[in-house]
Each structure stands twice: as C-alpha cells, then as structure tokens.
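# Structural features, examined
So the chains spell out like this:
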Amino acid sequence: IHSFCKKDDHNKENLFNSLNYDVAAKKRKKDLLNNKAKIQYFHQEKWIYVHKGSTKERHGYCTLGEAFNRLDFSSAILDSRRFNYVVRLLELIAKSQLTSLSGIAQKNYMNILEKVVQKVLEDQQNIRLIRELLQTLYTSLCTLVQRVGKSVLVGNINMWVHRMESILHWQQQLNNIQITRPAFKGTTLTDLPLCLQLNIMQRLSDGRDLVSLGQVAPDLQALSEDRLLWKKLCQYHFTDRQIRKRLILSDKGQLDWKKMYFKLIRCYPRKEQYGDTLQLCRHCHILSWKGTDHPCTANNPETCSTSLSPQDFINLFRF
C-alpha cells in the first residue's frame, strides 16, 4: 500500500482501469454463459432420487425441473424407442407444467425441443406429431405471456417473445417440408400380397395414419376402409364399455367402426404404447432410463423397476 501511494496519479488510474476491465470481462463472460440458449445443463449422474413428501433436510429437494435436467432427454430423442415418449412428455409439460420448471429447466426444454424439430426436418418422420406439440406449446405460451404481470414465467418477457417467434419459425419449416421419393426402385408396399399389406396396416395405432396411407394409392384406399381393421383399432384403444356408449350404425345397419373410432378419440384418451420408458425403482426410489446404472442395494434390481408413462412421471412431482 505504501509503495502504491508513492506512484503518480497516472499509474493509479491505469491500475484501477485494469481492475475494472477484469471485472467487466468476467461479468460479460458470466452473462454470456447465462443467456446462451445453446448451452446444455450437464450433470454427471443420469438418474435422480424421488420420494413423495420428501424434505430438504432428509432426502433432498427434488422437483420436476431438476428431474428434467438430469435424465438426459437430449440423448433420448435420438433413440427411436424413446422418441415418442419424450415428445409426449414435452406435450404434457407444455399443457400445464411450464410454470413448474426452473429457469435452467425451461432453457433445456427449448433446447431439446429445437433438437426434436431439427431431427424431424432431417429424417422427415413424425411431422404431424411435432406440429401438434408446437401448437400446444404456442397456445400455452400465449396464455402465460398475457399474465406476465403475475410473474408466472421465469425470465424476461422479451426472451419468451423471442422463443414464441422461434416456434412460429419451426412451424413454418415443418409446413414447407416436401416428402421426396427414394431414388431406388425396389419392392414397395403395394407390391406385397394383400394379406401382408393388411397385416402391416394393423400395426398402425393411429387412425389418421390409416387415412393418410389410404390416400397414397387406390388399392390402399380400399384396404384402409376394411371394417375389421377399424374394429381392431377401436378395441385396442378403448374398453368394451366405452365402445357400447358410442355405437354408430352405417346405412346398411352395420357398425361403422371408422366413424366410431374418431368419435371415441374425442371422448376418451387413446392407449399409449412406447418402446422404452423411464423406470422407477421401488426399492431405492431412483428414477432413470432403462439400462442406466444407479446405486441400488436390491439383490435383483431388474425386478424392482416399474415402467412409468409420461403422465405418471409428472405425477411423481405433484406434492
């Protein structure tokens, strides 16, 4: 201090300016880290402990946002077995749980959504599924932004307006997709025997896919109207009691299973089926993807795992 006081004012001014520059540089770096939307939250462990009614003092504080950050959804969307599961979860969060997410979880949500859109733009699959997700999210954000005075969203209003503009841009990109035919000329669906074509159609779980498939070729149009096909689809998604409440007869006096299906989906939720789901260990209450190592003390951890639907996952964090 004594030696510093002996220096002239010019040197002291330079020293203070240097300190100010360092502080400003650190602040700019911190602001860039906080505002850069591309940065992903990373946690070494890809599982999370959950316990309904837990407290900070005893079990740690677990929220939906924390679980969303730690369960590696960015990698899950690249797995075809998990893709529909993650999309359904994103849709449920968009409908009612956006305000339950922390700021970093909301940022991760938008990052994962962008990756989903980019994947669909590249492989041209699941276009309608993502369109519906984006429309649901945009509708929810319109409602929430109008209530910004009540602080229902984390972050600046301009940031959310920018995100809504991004959603509109993604929707436009999906609308502009032109499905291209493969260059190679090999065996197509219409080249197969009729019994095999019908067998393939029976694997479709969405009636809208059947309608779209019937518009490809006249032969497929006839198969897509098969009564037995729509009957099995109704019986797969809905119970006998639900079907009996929504009976529709055709002009010939027969049950019109196609009309009944589209009427039933407006009244009841369809059956959900996924190739892979999140697993909850009943022994240690740890939530993770199937095949993820976690510190379970059970003798046979595989027998303790319970599959969770997307709605079950959200219900875990409703204290």
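Residues numbered from 1 in each chain as written. Predicted model: local features only at pLDDT ≥ 70, side-chain atom pairs only at ≥ 80, totals over all residues. Heavy atoms only, no water.

The chain has the name F-box only protein 32 in an unreviewed UniProt entry, where Spizaetus tyrannus is given as its organism. Regarding the chain, the relevant UniProt record gives this comment under Pathway (unreviewed entry): "Protein modification; protein ubiquitination." For the record of the chain, the UniProt heading Function (unreviewed entry) holds the text "Substrate recognition component of a SCF (SKP1-CUL1-F-box protein) E3 ubiquitin-protein ligase complex which mediates the ubiquitination and subsequent proteasomal degradation of target proteins. Probably recognizes and binds to phosphorylated target proteins during skeletal muscle atrophy. Recognizes TERF1." (UniProt positions renumbered as here; feature names shortened; annotations may be inferred.)

The next thing to look at is the confidence of the model for the chain. Of all residues in the chain, 79% attain a pLDDT of 70 or more, and the chain-wide mean is 80. Of the regions scoring below 50 in pLDDT, residues 3-7 engages in four contacts with residues more than four places distant in sequence or in other chains. Contacts from residues 35-43, a stretch scored under 50 in pLDDT, to residues over four places away or in other chains number 19 contacts. (pLDDT = per-residue confidence, 0-100. Contact = heavy atoms within 4.5 Å.)

With respect to the secondary-structure elements, Gln 171 resides in helix α8 (residues 157-175). Within the structure, Gln 171 has its side chain in polar contact with the side chain of Gln 135 (distance 3.2 Å). With sequence-adjacent residues up to four places away left out, Gln 171 is seen in contact with Leu 134 and Gln 135. (Helix = DSSP H or I, 4+ residues; strand = E, 2+ residues; numbered from the N terminus. Polar contact = N/O pair within 3.5 Å; in protein donor to acceptor, adjacent residues only side chain to side chain.)

In this description, a pair of aromatic rings is defined by centroid distance and the angle of the planes. Counted by the stated rule, this structure contains twelve aromatic pairs. Consider the rings of Trp 230 and Tyr 261, whose centres lie 5.7 Å apart with planes at 55°: the pair is tilted. Of the two residues, Trp 230 is situated in helix α12 (residues 227-237) and Tyr 261 in helix α14 (residues 257-267); the sequence distance between them amounts to 31 residues. Both residues of the pair, Trp 230 and Tyr 261, belong to the buried class. Relative to Tyr 268, the ring of Phe 238 lies with its centre 6.5 Å away and its plane at 55°, an arrangement referred to as tilted. Taken together, the residues Phe 238 in the loop between α12 and α13 (240-245) and Tyr 268 in the loop between α14 and β2 (278-281) connect sequence positions 30 residues apart. (Phe/Tyr/Trp six-rings, centres within 6.5 Å; stacked < 30°, edge-to-face > 60°. Buried < 20%, exposed > 50% of the residue type's maximum accessible area, 1.4 Å probe, protein only.)

Our focus in this paragraph is the pattern of salt bridges. By the definition in use, this model includes 14 salt bridges. In this structure, Arg 81 and Asp 79 form a salt bridge, with 2.9 Å as the shortest nitrogen-oxygen distance. Taking the relative accessible area as the measure of exposure, Arg 81 reaches 49% and is therefore partly exposed. The exposure class assigned to Asp 79 is buried, which follows from its relative accessible area of 18%. Connected through shared salt-bridge partners, Arg 128, Glu 132, Asp 206, Arg 208, Asp 209 and Arg 270 make up one network. (Salt bridge = Lys/Arg side-chain N within 4 Å of Asp/Glu carboxyl O.)

Attention now moves to the sheet that holds strand β4 (residues 305-308). Read from one edge to the other, the open sheet built from four strands follows the order β1-β3-β2-β4, with strand pairing classed as antiparallel. Because the sheet does not close on itself, it has two edges, and the strands there are β1 (47-49) and β4. This sheet shows a mean twist of 30° between the axes of neighbouring strands, independent of strand direction. Here β1 pairs with strand β3 (residues 286-289) via three bridges, running antiparallel. Its bridge partner lying in β3, Tyr 49 is registered against Ile 286. (Pairing = 2+ DSSP bridges. Axes fitted to C-alpha atoms, helices over the stretch in contact; angles between N-to-C directions.)

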